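Descriptive structure summary
Given next are the chains, with one letter for each unit.
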Amino acid sequence: MAEQQTATCPECSRTISPEDTIIFRFGIVGHLDCRRPRVLSAEERTLLAIYCRDHPVAECVRCRGKFRLREVVSIDQFGIRSHGCPWCHTDLTDSIRAHLYGCAMLPAEVRHRAQAAREAARRLVKKSHELSDAADVLLREAETALHALRGTMRQLPIRRVG
């Protein structure tokens, strides 16, 4: 039950940020990819492939290049997909995601639902943090009360049964 109330990935034990891409199974939230917590989701990649394949989807802030999806996607020998600038290798995931959620080529209903899904995931992670923080406060209160009880018990005279 505690795993449902924390924003910690059960696979990598790292804290889940509201900006991370998450999965949830059996009431437990985790990273989609623990090695790269902010990776694009399958739904985001699908929308990009359908609606954004013929126009630039990313801009590199370092070298000012503008790129189409096929120019920034690479897959390494382990099958790990990344989205980096072909010139300076800066991660372009955030730029691609910003483009996707503002792209005029997506039908309004699709864009709205994609934004709603992303925001729901963020709210889930934030609420998990709040629940975790509240549980930590209650745990500290319980520990303090137990410590006070034990201190009081040590101060009382020992009563012998006889």
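Residues numbered from 1 in each chain as written. Predicted model: local features only at pLDDT ≥ 70, side-chain atom pairs only at ≥ 80, totals over all residues. Heavy atoms only, no water.

**Some details on the overall build of the chain**
Here is the rule: Here a strand is any run of E in DSSP of at least two residues, a helix any run of H or I of at least four, and the numbering for each starts at the N terminus. Within these notes, the globule rule equals 2.2 Å times the number of residues to the 0.38 power, and the radius of gyration is based on C-alpha atoms.
Across its full length, the chain holds five helices and six strands. For the chain, the N- to C-terminal ordering of α and β elements is α-β-β-α-β-β-α-β-β-α-α. By the compact-globule yardstick of 15 Å for 162 residues, the chain is too spread out, its C-alpha radius of gyration being 24 Å. Overall size of the chain, expressed as C-alpha extent along the three principal axes, is 90 × 35 × 25 Å.

**Description of the confidence of the model for the chain**
The condition that has to hold: The pLDDT score gives, residue by residue, the confidence of the prediction method on a 0 to 100 scale. By definition, residues are in contact when any of their heavy atoms lie within 4.5 Å.
For the chain, the average pLDDT comes to 85, and 90% of its residues sit at 70 or higher. Confidence over residues 1–5 falls short of pLDDT 50; this stretch has eight contacts with residues more than four positions distant or in other chains.

**A few points about the pairing of strand β1 (residues 22–25)**
Basically, it comes down to this: The rule for pairing is simple: two strands pair if DSSP sees at least two bridges between them.
Bridge analysis of β1 against strand β2 (residues 28–31) gives four bridges, and the strand direction is antiparallel. Paired with Phe 24 across the strands is Val 29, a residue of β2.

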